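Observations on the model geometry
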Amino acid sequence: MAAISITEAQLYLALWNFITSLVDCPIVQGNQNRVAMPAGDFIVMTALNRVGLATTTQDYDPANSRVSNKQSKQWSAQIDCYGSLSADRAATLAEMMRTPYAADQFATSGLEIAPLFATDHHQMALVTGEEEYVERWTFEMALQYNPVITMPQDFASALSASVIPL
């Protein structure tokens, strides 16, 4: 059975830890069914994509009959800030994603995760089902991470060859 070293849950947790170090409001993961939007100010993190940044490398471990496949990847997420302080929160988060502070914060995750970039924030008006305007500012950010997928691998220490007559 294959196993991956850095899961999406770990990426979300590292991002959540970074955001909570800078702002004080509820932070939720996006794309959740049957979950109402929180009341008041809040932030939603939604994964957008994973893009390979390099060719996969392999490391063979004959002693344990395993092979490890490693590829640097980009994980992008959309950050939506809602409420009266949404513009300021989006500005703070987008700007701080571009600083050494962000690199230090992601390094504390204990995983191979580092910030790559953040886009500029912009307003995306939202009208609720009650036809009420909710202020929302959004931006995209990207992390680089280096997951390793480890899986079983057969190895041979000795081989024998023979000729098969036609």
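Residues numbered from 1 in each chain as written. Predicted model: local features only at pLDDT ≥ 70, side-chain atom pairs only at ≥ 80, totals over all residues. Heavy atoms only, no water.

1. Let's talk about the overall build of the protein
The number of helices and strands found in the protein is three helices and twelve strands. In terms of overall size, the protein is more extended than a compact globule, its C-alpha atoms giving a radius of gyration of 22 Å where 166 residues would be expected to give roughly 15 Å. Buried residues in the protein amount to 33% of all 166 residues. When the accessible surface of the protein is split by element, carbon and sulfur atoms take 54% of a total near 10,100 Å². (Helix = DSSP H or I, 4+ residues; strand = E, 2+ residues; numbered from the N terminus. Rg over C-alpha atoms; globule rule 2.2 N^0.38 Å. Buried < 20%, exposed > 50% of the residue type's maximum accessible area, 1.4 Å probe, protein only. Areas by Shrake-Rupley, 256 points an atom, 1.4 Å probe, with all protein chains shown as cover.)

2. Some details on the pattern of salt bridges
Enumeration over the complete set of coordinates arrives at five salt bridges. Close ionic contact of Arg-98 with Glu-95 constitutes a salt bridge, the shortest N to O distance being 3.4 Å. In this structure Arg-98 comes out as partly exposed when scored by relative accessible area, which is 37%. In this structure, a network of salt bridges that share partners links the residues Glu-95, Arg-98 and Asp-120. (Salt bridge = Lys/Arg side-chain N within 4 Å of Asp/Glu carboxyl O.)

3. Looking at the nonpolar core
In this structure, Leu-15, Ile-19, Ile-43, Ile-79, Met-97, Phe-106 and Met-141 are the most contacted members of the largest nonpolar core, which totals 29 residues. Looking at this core, the elements that each hand over two or more residues are helix H1 (8–20), strand S3 (42–52), strand S6 (73–82), helix H2 (86–96), helix H3 (100–107), strand S7 (113–118) and strand S11 (136–145). Ranked by residue count, the leading element in this core is H1, at six residues. With near-sequence residues (within four places) excluded, Met-97 lies in contact with Leu-15, Phe-18, Ala-102, Phe-106, Pro-115, Phe-117, Ala-118, Met-141 and Leu-143. (Core = buried A, V, L, I, M, F, W, Y, C linked by side-chain atoms within 4.5 Å. Contact = heavy atoms within 4.5 Å.)

4. Some remarks on H1
Taking 1.5 Å per residue, 13 residues should reach 18 Å; H1 reaches 18 Å between its end C-alpha atoms and fits that length. Considered for burial, the residues of H1 that qualify are Leu-11, Tyr-12, Ala-14, Leu-15, Phe-18 and Ile-19. All buried residues of H1 lie within an arc of 160° about the axis, which places them on one face of the element. (Expected span 1.5 Å × (residues − 1). Arc of directions from axis to C-beta.)

5. Remarks on the layout of surface pockets
The volume enclosed by the largest pocket comes to roughly 220 Å³. What lines the largest pocket is Val-28, Gln-29, Gly-30, Asn-31, Gln-32, Val-35, Ala-36, Met-37, Pro-38, Phe-42, Val-44 and Tyr-82. Put simply, the parts of the chain that give the lining of the largest pocket at least two residues each are strand S2 (27–29) and S3. Residues belonging to the lining of the largest pocket are distributed by class as follows: eight nonpolar, four polar and no charged. (1 Å grid on protein atoms, 1.4 Å probe; cavity = no way out; pocket = protein on both sides within 12 Å on 5 of 7 lines; lining within 4 Å. Points joined across faces, edges and corners; volume = space filled by probe spheres on them. Nonpolar A, V, L, I, M, F, W, Y, C, P; charged D, E, K, R; others polar.)

6. Quick word on the pairing of S11
Of all the ten residues making up S11, eight are buried; the element is thus mostly covered by neighbouring parts of the structure. Where S6 lies against S11, ten bridges are found, and the strand directions are antiparallel. Bridge pairing in S11 places Gln-78 opposite Glu-140. Bridge count for strand S8 (residues 122–123) against S11 is two bridges, and the pairing is antiparallel. Pairing of His-122 across the sheet is with Thr-138, part of S11. (Pairing = 2+ DSSP bridges.)

7. Observations concerning a nonpolar patch on the surface
Taken together, Val-51, Leu-53, Leu-116 and Phe-117 make up a surface patch of nonpolar side chains, about 310 Å² in accessible area. By the element assignment, Leu-116 lies in strand S7. Take Leu-116: its relative accessible area is 37%, and that puts it in the partly exposed class. (Patch = residues over 30% accessible without salt bridge, like charges linked within 9 Å, V, L, I, M, F, W, Y side chains within 5 Å.)

8. Comments concerning the sheet that holds strand S4 (residues 57–61)
A sheet is described by the order of its strands in space; here four strands give the open sequence S1-S12-S5-S4, paired in antiparallel fashion. If you trace the sheet from one side to the other, it starts and ends with strand S1 (3–4) and S4, each paired once. Taken together, the two bridges between S1 and strand S12 (residues 148–152) define a ladder with antiparallel strand orientation. Within S12, the position partnered with Ala-3 by the bridge is Thr-150.

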